[in-house]
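Structural overview for review
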There are 2 protein chains.
Amino acid sequence: MVKGTTPTNENVDNCPVRQVLAKVTGKWQTLIVLALGDGALRFGELKRAIGDVTQRVLTENLRSLERDGYLTRTVKAGPPVSVHYELTEMGQELRVLQKKMVIWAAESHLAVKQNREAYDAV
Amino acid sequence: MVKGTTPTNENVDNCPVRQVLAKVTGKWQTLIVLALGDGALRFGELKRAIGDVTQRVLTENLRSLERDGYLTRTVKAGPPVSVHYELTEMGQELRVLQKKMVIWAAESHLAVKQNREAYDAV
DNA sequence: CAGTATCCTTTACGATACTG
DNA sequence: CAGTATCGTAAAGGATACTG
């Protein structure tokens, strides 16, 4: 067993695994990382790619991902100024894992739908 | 490209991939699935395994996972009654993916910590 | 034992307006 | 263009008490 891979019990609050996961498993973080999968995007492009996300929330999540080292933020002087966001190596690693989750989710969504309907029918 | 694997843009609200991910990427759902990885657990055992979780929240998340088909709930008459929770096949699939995320998180947490410190120092 | 019910606080998020 | 600031709402979660 890899040391530190059991985020259950004991550790709890100061569990480093939980601290990492908390910042990358959220809805917005996932969508941002996936959107940047094919290369750098500007703030506006990213916002359009995700579709439904406010500027405030997008900014918050980008700052968080930047702080933890998953992406870089590059400002190019203007006017108008443009800001490019790009995945780091670690961001790419994360993306690979999230991509697997997405593919699995795509394959499973029908089964989930059927389970829900059966459950709700009772 | 696998059809339906791009949760960004368009789809947005009624994207089936997002609907699946929303129910399995949360903190509690992840911890529950991982805790059940080594076999069925009773409600109380599960609660102790996770450590910090209230009964209300644990129950809510267990119902959600049961509804979507990731685990089964089995009541054994008492007294006292005992309720066993166990992963389904689909739950095991999910667990495999989450386990990979946890292992990656364990390997990455130091790099993340260093990134944060460097970022905050500026 | 395995919940449910109630109340309350915190966090996430949306909407909107403003700025270098 | 890429934010920041402010306000208000809604969902998540904690604490506690109660029950078959």
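For the structure, check the block above.
One numbering rule holds for all chains: residues counted from 1, following each sequence as written. As they are written, the chains are lettered A onward and the ligands numbered 1 onward, keeping that order. A pLDDT threshold of at least 70 governs which residues receive local features in this predicted model, and a stricter bar of 80 or more applies before side-chain atom pairs are shown or counted, although totals over entire chains, interfaces and linings include all residues. Excluding hydrogens and water, the side-chain values take into account all heavy atoms of the structure.

Here a residue counts as near a molecule or strand whenever at least one of its heavy atoms sits within 4 Å of it. Around DNA strand D, a shell composed of 18 residues is seen, among which A:Gly44, A:Gln55, A:Arg73, A:Tyr85 and B:Arg56 lie nearest. Any pair of N or O atoms that falls within 3.5 Å is considered a polar contact. Within protein, one atom must be able to donate a hydrogen and the other to accept it, and sequence-neighbouring residues count only if both atoms are side-chain atoms. At 3.3 Å, a backbone N or O of A:Val83 approaches a phosphate oxygen of DNA strand D. The separation between a base nitrogen of DNA strand D and a polar side-chain atom of B:Arg56 is 2.5 Å. Counting from the N terminus, the helices are DSSP H or I runs at least four residues long and the strands are E runs at least two residues long. Contributions of two or more residues to the surface near DNA strand D are made by helix H3 (43-50), helix H4 (55-68) and strand S3 (82-87) of chain A together with helix H4 (55-68) of chain B. Side-chain classes are defined by residue name, with Ala, Val, Leu, Ile, Met, Phe, Trp, Tyr, Cys and Pro counting as nonpolar, Asp, Glu, Lys and Arg as charged, and the others, Gly among them, as polar. Its residues placed into classes, the surface near DNA strand D shows eight nonpolar, five polar and five charged.

For the rest of this paragraph, the subject is the packing of helix H2 (residues 27-35) of chain A against H3(A). Residues and elements named next belong to chain A. The angle between two axes is taken between their N-to-C directions and runs from 0 to 180 degrees, where each axis is a line fitted to C-alpha atoms and a helix contributes only its stretch in contact. Running from N to C, H2 and H3 cross one another at 115 degrees; their axes reach a closest spacing of 10 Å. In terms of their interaxial angle, H2 and H3 are classed as roughly perpendicular. For H2 against H3, the interelement crossing comes out right-handed. Counting all contacts with H2, which are made through Trp 28, Leu 31, Ile 32 and Ala 35, the residues of H3 involved are Leu 46, Ala 49 and Ile 50. Across the contact of H2 with H3, the residue classes break down as seven nonpolar, no polar and no charged. Roughly parallel covers angles under 35 degrees, roughly antiparallel covers those over 145, roughly perpendicular covers 65 to 115, and oblique covers all other angles. Take the far helix as your reference; a near helix turned counterclockwise from it by less than a right angle gives a left-handed crossing, and one turned clockwise gives a right-handed crossing. Only heavy atoms matter for contacts: two residues are in contact if any of them lie within 4.5 Å across the pair.

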